[in-house]
Amino acid sequence: MRNLGGVDTEIYNNTAYVLASNVSSDGYFVYNGQAVDTNTPATNTTVKNNLFVRQSNSSQETGDLIFEHATTTGSVFSNNAFYGNFSDPVAEDSNPFTADPVLTSPGSGTVDEVNFTFNADGYQLQNTSPYLDAGLIIANNGGLDFWANTLPVSEPSIGSHYLEVILPIELI
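Quick notes on the rules
- Residue indices begin from 1 for each chain and proceed along its sequence in written order.
- Per-residue local features of the predicted model are confined to residues with pLDDT of at least 70, and side-chain atom pairs are confined, for both listing and counting, to 80 or more; whole-chain, interface and lining totals are unaffected and use all residues.
- Computation of side-chain values covers all heavy atoms of the structure but excludes hydrogens and water.
- Secondary structure elements are defined from DSSP: runs of H or I of at least 4 residues count as helices, runs of E of at least 2 residues count as strands, and each element is numbered from the N terminus.
- Only protein chains enter the area calculation, which uses a 1.4 Å probe; residues under 20% of their type maximum are buried, those over 50% are exposed, and those in between are partly exposed.
- The Shrake-Rupley method, run with a 1.4 Å probe sphere, supplies the accessible areas, and residue values consider only the shown protein chains as cover.
- In short, DSSP must find at least two bridges between two strands for them to pair.
- Only C-alpha atoms enter the line fits that serve as axes; for helices the fit covers just the stretch in contact. Angles between N-to-C directions range over 0 to 180 degrees.
- Two rings from Phe, Tyr or Trp (for Trp, the six-membered ring) form a pair when their centres sit within 6.5 Å of each other. Planes less than 30 degrees apart are called stacked, planes more than 60 degrees apart edge-to-face, and all others tilted.
- In the cavity and pocket records, a cavity denotes points on a 1 Å grid over the protein atoms alone where a 1.4 Å probe fits but cannot get out, a pocket denotes an open set with protein on both sides within 12 Å along at least 5 of 7 lines, and lining residues are residues with an atom within 4 Å of a point.
- Grid points are joined across faces, edges and corners, and a volume is the space filled by probe spheres set on the points.
- Three classes are used: nonpolar for Ala, Val, Leu, Ile, Met, Phe, Trp, Tyr, Cys and Pro, charged for Asp, Glu, Lys and Arg, and polar for all others, with Gly counted as polar.

A. Quick look at the overall build of the protein chain. For the protein chain, the count of helices and strands is zero helices and 11 strands. When the helices and strands of the protein chain are listed from N to C terminus, the series reads β-β-β-β-β-β-β-β-β-β-β. Expressed as a percentage of the 172 residues in the protein chain, the buried residues total 35%. For the protein chain, the accessible area works out to roughly 9,800 Å², and carbon and sulfur atoms hold 52% of it.

Following this line, the structure appears as structure tokens:
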């Protein structure tokens, strides 16, 4: 996720997944830098409720997960989840999570670059995920998740999928 010179940018409720076949170990999940043409730094970037996953047998990352250019100001990282093959916790995040997100079928996503279609259903949260209803409320969030599920007025899930959990009614 790149923010090059943006002002008041919000990056929220995404799911980023790194496959084992990815041999790069120094990639950033978030790159908060300067605009290439004007060298204008990113300012007031908010990164919340995102789910970052690296398969356990992928190359272990060796650098920061988040790049902040020296002239970037006002960044806030909070309530993001980091799971898998990471070498160190994310110091930039004020409230990071590290539990297994319990995805439906992680690593199963497909992209058809010829027909411009994709299938990301394997990155949906299961009803036992600790990230259900664990997100921070984001104002003006568009009202729908990636799969067009209606987002709640209360706490959303962390990641790109919202799953409404309906508890069974106990008859007495």
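Text resumes after the structure shown.
B. Focus on unusual backbone geometry. A positive phi angle, close to 55 degrees, is found at Asp133, a residue other than glycine. Residue position: Asp133 is located in the segment after strand 11 (117-119). We note that Ala148 has phi near 70 degrees; this positive angle belongs to a residue other than glycine. Note on placement: Ala148 falls in the segment after strand 11.

C. Main features of the sheet that holds strand 3 (residues 15-18). The strand order across the open sheet built from three strands is 3-6-9, with neighbouring strands paired in parallel fashion. In the strand order of this sheet, the two ends are held by strand 3 and strand 9 (81-84), each with one partner. Pairwise comparison of adjacent strand axes, ignoring direction, gives a mean angle of 10 degrees for this sheet. Where strand 6 (residues 51-54) and strand 9 come together, four bridges link them in parallel fashion. By the bridge assignment, Val53 is partnered in strand 9 with Tyr83.

D. Main features of the sheet that holds strand 5 (residues 46-48). Sheet architecture is open: three strands sit in the order 2-5-8, paired in parallel fashion. The open sheet has two edge strands, strand 2 (10-12) and strand 8 (76-78), and neither has a second partner. Each neighbouring strand pair of the sheet contributes to a mean axis angle of 5 degrees, computed without reference to strand direction. Two elements, strand 2 and strand 5, share three bridges in a ladder whose sense is parallel. Residue Tyr12 lies in a different strand from strand 5, and its bridge partner there is Lys48.

E. Region of the structure containing the packing of aromatic side chains. Scanning the model with the defined rule gives four aromatic pairs in all. The interplanar angle of 20 degrees and the centroid separation of 5.2 Å between the aromatic rings of Phe52 and Phe82 together place this pair among those described as stacked. With Phe52 in strand 6 and Phe82 in strand 9, this pair connects stretches of sequence that are 30 residues apart. In this pair, the class of Phe52 matches that of Phe82, namely buried.

F. Quick look at the layout of surface pockets. In this structure, the largest pocket encloses a volume near 220 Å³. Lining the largest pocket are Asn14, Thr15, Ala16, Tyr17, Leu19, Gly109, Ala120, Tyr123, Phe146, Trp147 and Ser160. Among the residues forming the lining of the largest pocket, the class breakdown is seven nonpolar, four polar and no charged.

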